Amino acid sequence: MIAKTKILSISRDPVLVSFLQRELSGDGYEVVNTQQAGVYLKEVLDAEEPDFIILDIIMPSLDGIGVCLQLRQWTQTPIMMLSSWGAGSGTVKGLSLGSEGYLSDGFGADTLKKRIEETLRRTVAANHSSNK
């Protein structure tokens, strides 16, 4: 049995959550969804031990930038930030905070999968070379 890549999706957008579940589940990915932030997010992170995190940058209480900062205190798991913002300062800010990737609205499932695969490949290669 081939292990699936576990993806933790952090979003309160039901359309995005449904899209991720529909497009990624069954393609070698297992998608776990959460709307939690703060201490509860740490509990979910510890319980699920994801291989990859997809983070919605637009959320009602604490935005994705704040959540990314929290996540980086707890884990080095690769993070892909998704946004309905156009490219620009949000992209630069997201990447400078430690996310490995950023996609803005208008991306398709194939683009998302390709970016996940590329990010995971880069992360594995970087971890391998730092362990030498």
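Look above for the structure.
Note that the coordinates shown come from a computational prediction; the quantities given were computed from them, not determined experimentally.

A word on the pairing of strand E2 (residues 29-34). Summarising the sheet, strand E1 (residues 5-10) and E2 pair through six bridges and their orientation is parallel. Residue pairing across strands places Ile10 opposite Thr34, the latter belonging to E2. The β-α-β motif built from E1, the intervening helix H1 (residues 14-24) and the parallel element E2 has right-handed crossover chirality.

This brings us to the side chain of Arg72. Locating Arg72 in the fold gives a position in helix H3 (residues 64-74). In terms of polar contacts, Arg72 uses its side chain to reach the backbone carbonyl oxygen of Thr77, at 3.0 Å.

All right, on to the environment of Glu118 then. Here Glu118 shows up in helix H5 (residues 109-130). A sequence separation of 17 residues divides Glu118 from Gly101, and the C-alpha atoms of the two residues are 9.8 Å apart.

Another aspect to go through is the pattern of salt bridges. Inspection of the entire model under this criterion finds three salt bridges. The partner of Arg22 in a salt bridge is Glu23, and the shortest N-O contact between them spans 3.3 Å. Taking relative accessible area as the criterion, Arg22 reaches 53% and is therefore assigned exposed. With relative accessibility at 26%, the residue Glu23 sits in the partly exposed group. Where Lys42 meets Asp46, a salt bridge forms, and the shortest distance between an N and an O atom there is 3.0 Å.

Here we come to the packing of aromatic side chains. A complete count under the given rule lists one aromatic pair for this structure. Summarising the aromatic geometry, the rings of Phe19 and Phe107 are spaced 6.0 Å apart at their centres and angled 70° between planes, so their arrangement reads as edge-to-face. Taken together, the residues span a long stretch of sequence, with Phe19 in helix H1 and Phe107 in the loop between strand E5 (101-104) and H5 at a distance of 88 residues. A relative accessible area of 16% means that Phe19 is categorised as buried.

Moving on, we come to the nonpolar core. Counting 17 residues, the largest nonpolar core has Leu20, Leu24, Ile54, Leu82, Leu112 and Ile116 as its most contacted members. Contributing elements (two or more residues each) for this core: H1, E2, strand E3 (52-56), strand E4 (79-83) and H5. Apart from residues lying up to four places away in sequence, Leu20 is in contact with Ser9, Ser25, Val31, Ile54, Leu82 and Leu112.

Counting buried positions over the 11 residues of H3 gives eight, a clear majority of the element. By the burial criterion, the buried members of H3 are Gly64, Ile65, Gly66, Val67, Cys68, Gln70, Leu71 and Arg72.

With that settled, consider the environment of Ile116. Mapped onto the fold, Ile116 is located in helix H5. Spatially, the C-alpha atom of Ile116 lies 7.9 Å from that of Phe52, the residues being 64 residues apart in sequence. With residues up to four places along the chain from it excluded, the contact list for Ile116 reads Ile7, Leu24, Tyr29, Phe52, Ile54 and Met80.

Strands sit in the order E2-E1-E3-E4-E5 across an open sheet of five strands; the sheet is parallel. At either margin of the open sheet sits one strand with a lone partner, and together these are E2 and E5. Averaged over all adjacent pairs, the angle separating strand axes in this sheet is 20°, with direction ignored. Inspection of the sheet shows E4 paired to E5 by four bridges, in the parallel sense. Bridged to Met81 within E5 is Tyr102. Most of the contacts of H1 go to E2, to which it runs at about 165°, and overall it touches E1, E2, E3 and E4.

How each quantity is defined
Residues numbered from 1 in each chain as written. Predicted model: local features only at pLDDT ≥ 70, side-chain atom pairs only at ≥ 80, totals over all residues. Heavy atoms only, no water. Pairing = 2+ DSSP bridges. Helix = DSSP H or I, 4+ residues; strand = E, 2+ residues; numbered from the N terminus. Right-handed = clockwise from strand over helix to strand, strands pointing away. Polar contact = N/O pair within 3.5 Å; in protein donor to acceptor, adjacent residues only side chain to side chain. Salt bridge = Lys/Arg side-chain N within 4 Å of Asp/Glu carboxyl O. Buried < 20%, exposed > 50% of the residue type's maximum accessible area, 1.4 Å probe, protein only. Phe/Tyr/Trp six-rings, centres within 6.5 Å; stacked < 30°, edge-to-face > 60°. Core = buried A, V, L, I, M, F, W, Y, C linked by side-chain atoms within 4.5 Å. Contact = heavy atoms within 4.5 Å. Axes fitted to C-alpha atoms, helices over the stretch in contact; angles between N-to-C directions.

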